[in-house]
Every structure is written in C-alpha cells, then in structure tokens.
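A closer look at the structure
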Amino acid sequence: MGSTLETIVFYVLAIFIATMSVMTVTTQRIVRSATYLLFVLFGTAGIYFLLGYTFLGAVQIMVYAGGIVVLYVFSILLTSGEGDRAEKIKRSRLLAGLFTTIAGIAIVLFITLKHKFLQTTDLVPQEVSIHSIGMDLLSSDKYGYVLPFEAVSVLILACIIGGVMIARKR
Amino acid sequence: MIQMEYYLVVSTIMMFAGIYGFLTRRNTLAILISIELMLNATDVNFAVFNRFLFPQGMEGHFFALFSIAISAAETAIAIAIMINIYRNIRSIQVRNLDELKW
C-alpha cells in the first residue's frame with residue numbers, strides 16, 4: 001500500500017513537472033511563464049519530500065518559490081513585460097532549437113538509461129533529521145560544511161551590495 | 001519503489017525544456033527563467049544521486065542546498081542588471097542589446 005501510494009504520487013508529480021516546464025518555455029505571455037515556473041518549483045519541492053529530504057524541500061519552497069518567483073514577477077511588471085506578447089519567432093530558428101533540444105534529450109536519455117548504476121537495494125525510506133543536518137552544516141571536521149556556509153554568506157553580501165549599486169537611482 | 005532512472009528522466013525533461021527556452025526566447029527575463037529551470041534540474045539530480053547511490057553521505061543534499069542559495073543570489077543580480085538596462089534603453093528584448101556604453 002505504501003509503495004503503491006508512492007508510485008502514484010511520483011507519477012502525478014512527474015507529469016505535472018514535465019507539463020509545466022514545457023509550458024513555461026512555450027507560452028507567449030511572460031507572466032504566465034513565471035506562474036508555470038512557480039508550479040515547477042512546487043513540483044520539485046514535492047519530489048524532494050518524496051525522497052525524504054524535507055529540509056531541502058522546505059528551503060526550495062521558501063527560497064525558490066517564495067523569493068525568486070516573486071522577484072521575477074515584479075521585475076516583469078517593472079519592465080512592462082505584461083503588455084506585449086512575445087512575437088512569433090522565425091520558423092527556422094524554432095526548428096533549430098527544437099532539433100537541438102530533441103537531439104540532446106535523446107543522447108542524454110540513452111546514456112543515462114544504458115548506464116548500470118550501482119544502486120543500493122533495499123532502501124528504507126527514511127527522513128533526514130534536522131539534528132544531523134545542523135551538525136553537518138556547522139562542523140569543521142572532515143565532512144563538515146562550515147566553509148561553504150561562510151563563503152555563501154560572503155557571496156550573498158556581495159550580491160546585496162552589487163544589486164544596490166547596479167540598480168540605484170542616478 | 002521508484003527506480004532512480006525515473007527521477008533522472010524527469011530532471012532531463014526539465015533541463016532540456018530550460019535549454020529550449022534559452023535558445024528560442026527573445027525576452028531577457030524569459031531567458032533568465034529558463035536558466036532557473038536548468039539549475040533546478042541539476043539540483044534534483046544531485047538529490048537523487050545522493051539518495052540512491054550514497055545514502056549514508058550527505059554531499060548531494062548539501063550541494064543542492066548551496067546551489068539553491070547561489071542561484072537566488074545570481075538571480076537577484078541578473079534582475080538588477082535587467083532593470084538598469086530597461087532604465088537606459090526602455091527595452092529588454094535581446095535584439096536591442098547590441099551597443100556597448102559609448
């Protein structure tokens with residue numbers, strides 16, 4: 001029963017993500033594109049929850065779906081992207097992009113599905129505890145991540161300063 | 001039990017949808033949205049590989065975590081640049097961005 005429910009949830013999420021991501025890149029209006037991106041990010045958070053990474057799914061919803069999509073929406077509205085629709089691109093360019101994409105998907109799927117991954121069998125679905133995440137994130141031992149943690153905070157500080165400098169009123 | 005390859009098919013579809021959008025869209029913000037799709041697909045790949053191939057380690061999980069943080073910062077900078085461009089030339093279509101500063 002548990003495995004059947006997991007299968008159903010996975011297929012629903014997979015079809016949802018695939019449909020929404022294709023609609024993100026083929027719709028003409030850009031506000032709809034941002035909305036479909038929001039749905040894709042929610043679907044990805046669902047996949048993280050399905051894998052047992054609840055902290056990662058929560059961070060995905062907070063940062064990606066709750067921060068980045070909001071940034072995109074108000075920057076679209078600031079740059080008057082809602083009024084005009086995207087013009088139809090040339091036929092040759094669309095066909096070239098489509099051919100590149102389909103060739104790329106075929107090559108990558110062929111290599112991925114032919115490769116015999118050494119999958120560890122008998123996986124018990126378990127949730128990663130927040131205690132272990134916290135201990136790993138802030139420890140400076142061999143498998144600690146305190147150095148990337150501090151480096152990311154310096155990077156975010158640089159981006160804050162850079163963003164304010166770039167977009168200020170002159 | 002869902003096999004690992006099914007998750008990889010989903011992330012491949014997301015990745016190449018992003019690549020198609022990057023190649024064929026004219027609005028710069030639509031190109032940035034396609035970049036977000038590509039980054040999201042790689043995060044899913046990292047989480048899936050960590051869960052199925054290395055269940056005792058947490059490297060993929062933390063890589064995806066830091067990748068989310070870095071793409072948030074990069075999106076903020078890119079949107080700031082786009083707003084500045086719009087202020088100067090009143091357009092964010094790619095074909096209008098063909099001049100340097102002077």
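So, here is what we can say about the structure in this document.

1. Here we look at the overall build of chain A
- A tally of helices and strands in chain A yields six helices and zero strands.
- The order of α-helices and β-strands along chain A, N terminus first, is α-α-α-α-α-α.
- By the compact-globule yardstick of 15 Å for 170 residues, chain A is too spread out, its C-alpha radius of gyration being 21 Å.
- Dimensions of chain A, computed from the C-alpha atoms along their principal axes, are close to 50 × 45 × 30 Å.
- The buried share of chain A, reckoned over its 170 residues, is 21%.
- Contacts spanning at least 24 positions in sequence make up 50% of the contacts within chain A whose residues lie at least 6 apart.

2. Regarding the interface of chain B and chain A
- Taken together, the contacts link 56 residues of chain B with 68 residues of chain A.
- Contributions of two or more residues to the side of chain B that touches chain A are made by α1 (4-24), α2 (28-53) and α3 (59-89) of chain B.
- The element contributing the most residues to the side of chain B that touches chain A is α3 of chain B, with 20 residues.

3. Considering the packing of helix α3 (residues 54-78) of chain A against α3 of chain B
- For the pair α3 of chain A and α3 of chain B, the least separation of the axes is 11 Å and the interaxial angle reads 10°. Of the possible angle classes, the one that applies to α3 of chain A and α3 of chain B is roughly parallel. Across the interface between the two elements, L56, V59, Q60, V63, Y64, G67, I68, L71, S75 and L78 of chain A from α3 of chain A touch H61, A64, L65, I68, A72, T75, A76, I79, M82 and I83 of chain B from α3 of chain B.

Rules behind the numbers
Residues numbered from 1 in each chain as written. Chains lettered and ligands numbered in written order. Predicted model: local features only at pLDDT ≥ 70, side-chain atom pairs only at ≥ 80, totals over all residues. Helix = DSSP H or I, 4+ residues; strand = E, 2+ residues; numbered from the N terminus. Rg over C-alpha atoms; globule rule 2.2 N^0.38 Å. Buried ≥ 20, exposed ≤ 12 C-beta atoms within 10 Å, placed from the backbone. Contact = placed C-beta atoms within 7 Å. Axes fitted to C-alpha atoms, helices over the stretch in contact; angles between N-to-C directions. Parallel < 35°, antiparallel > 145°, perpendicular 65-115°, else oblique.

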